[in-house]
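Fold and contact review
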Amino acid sequence: TFPYFLRTVPSLLTEVTFLDDVVRNLFGYTAVAIVHSDDEFGEDSEAQFSQLAARSVNGVSVSVLLRLRINAIVSQAYDSLHAEEYEVLLKSEARVVVILCQAPTAGAFMSGALERGIGGSGYLWLGNNGPTDTATYTEGVLGSSSAKWRLRVMKGYFGSQPSLGVEGSRTA
């Protein structure tokens, strides 16, 4: 055994470089929608991803850019606060969504999107491990602790962190 074990957390640049590479080289997409939170993590991730995408030879264009208010998650009015964002995403016809938020913001937004028909078959959501966090789907955050609902939200999700036991998600 080892007396000490240390783990380093990857930088934002590492995560967004991975996502940019997956979008362009693995899947060959040329346009994405970006949904990011208004905290430091979301703002920095969006800026770095957009910069990488624009600089690449096979550039990825950002067809929709949505900024989520993270304080909305604690409010009962979460759905109404983001109704405009859901409508923009739905009307955009974007089918590849890069979500750059931490849990529970990402999971809550993805749940609301799925309820409105933005997700599931025909959609690909990419991001970090935020939406796969078990705590995102506990009582009080989304009003349900349903494992089935969590699995529905995660179908079609491709993340940059190891799988956290979510069937139907693809992680690398």
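What you see is a predicted model, and the numbers here were worked out from it, not measured in a lab. (Residues numbered from 1 in each chain as written. Predicted model: local features only at pLDDT ≥ 70, side-chain atom pairs only at ≥ 80, totals over all residues. Heavy atoms only, no water.)

As for the pattern of salt bridges
- Per the counting criterion, the structure on display carries five salt bridges.
- Between Glu-43 and Arg-67 there is a salt bridge, with its nearest N and O atoms 2.4 Å apart. Residue Glu-43 is found in helix 2 (residues 40–55), and its partner Arg-67 is found in strand 2 (residues 61–68); the two are separated by 24 residues along the sequence.
- Across the pair Glu-85 and Arg-69 runs a salt bridge whose closest N-O atoms are separated by 3.7 Å. Residue Glu-85 is found in helix 4 (residues 83–92), and its partner Arg-69 is found in the loop between strand 2 and helix 3 (78–81); the two are separated by 16 residues along the sequence.
- Look at Glu-85 and you get buried, because its relative accessible area is 10%.
- Among the residues examined, Arg-69 registers a relative accessible area of 35% and is labelled partly exposed. (Salt bridge = Lys/Arg side-chain N within 4 Å of Asp/Glu carboxyl O. Helix = DSSP H or I, 4+ residues; strand = E, 2+ residues; numbered from the N terminus. Buried < 20%, exposed > 50% of the residue type's maximum accessible area, 1.4 Å probe, protein only.)

Observations concerning the packing of aromatic side chains
- In total, this model carries three aromatic pairs according to the counting rule given.
- Ring geometry for Phe-27 against Tyr-29: centres 5.7 Å apart, planes inclined by 40°, an arrangement best described as tilted.
- Using a relative accessible area of 30% as the deciding quantity, one classes Tyr-29 as partly exposed.
- Note on Tyr-86 and Phe-109: the rings are 4.6 Å apart at their centroids and 15° apart in plane angle, and the pair reads as stacked. One end of the pair, Tyr-86, is in helix 4; the other, Phe-109, is in helix 5 (residues 105–115), with 23 residues separating them in the sequence. For the pair Tyr-86 and Phe-109, one class covers both residues: buried. (Phe/Tyr/Trp six-rings, centres within 6.5 Å; stacked < 30°, edge-to-face > 60°.)

With respect to unusual backbone geometry
- Even without being glycine, Glu-93 reaches a positive phi, approximately 65°.
- Relative to the elements of secondary structure, Glu-93 occurs in the loop between helix 4 and strand 3 (96–100).
- Relative accessible area serves as the criterion here: at 59%, Glu-93 is assigned to the exposed category.

Quick word on the nonpolar core
- Counting 20 residues, the largest nonpolar core has Val-35, Leu-89, Ile-99, Phe-109, Ile-118 and Trp-125 as its most contacted members.
- Among the elements of the structure, strand 1 (31–37), strand 2, helix 4, strand 3 and helix 5 are those that each provide at least two residues to this core.
- Element by element, the count of residues in this core is highest for helix 5, at four residues.
- Every residue in contact with Leu-89, bar those within four places of it in the chain, is listed here: Ala-33, Val-35, Val-64, Leu-66, Ala-94, Val-97, Phe-109, Ile-118 and Trp-125.
- Residues Val-16, Val-22, Leu-52 and Val-98 belong to the second largest nonpolar core, which totals 16 residues. (Core = buried A, V, L, I, M, F, W, Y, C linked by side-chain atoms within 4.5 Å. Contact = heavy atoms within 4.5 Å.)

Considerations on the packing of helix 1 (residues 12–26) against helix 2
- Running from amino to carboxyl end, helix 1 crosses helix 2 at an angle of 45°, the nearest separation of the two axes being 9 Å. Our classification of the angle between helix 1 and helix 2 gives oblique. Relative to helix 2, the crossing made by helix 1 is right-handed. Residues Leu-12, Leu-13, Glu-15, Val-16, Thr-17, Leu-19, Asp-20 and Val-23 of helix 1 lie in contact with helix 2, whose contacting residues are Phe-41, Asp-44, Ser-45, Gln-48, Phe-49, Leu-52 and Ala-53.
- A per-class count over the contact of helix 1 with helix 2 returns nine nonpolar, three polar and three charged. (Axes fitted to C-alpha atoms, helices over the stretch in contact; angles between N-to-C directions. Parallel < 35°, antiparallel > 145°, perpendicular 65-115°, else oblique. Left-handed = near helix turned anticlockwise from the far one by under 90°. Nonpolar A, V, L, I, M, F, W, Y, C, P; charged D, E, K, R; others polar.)

So yeah, pure geometry; function would need other evidence.
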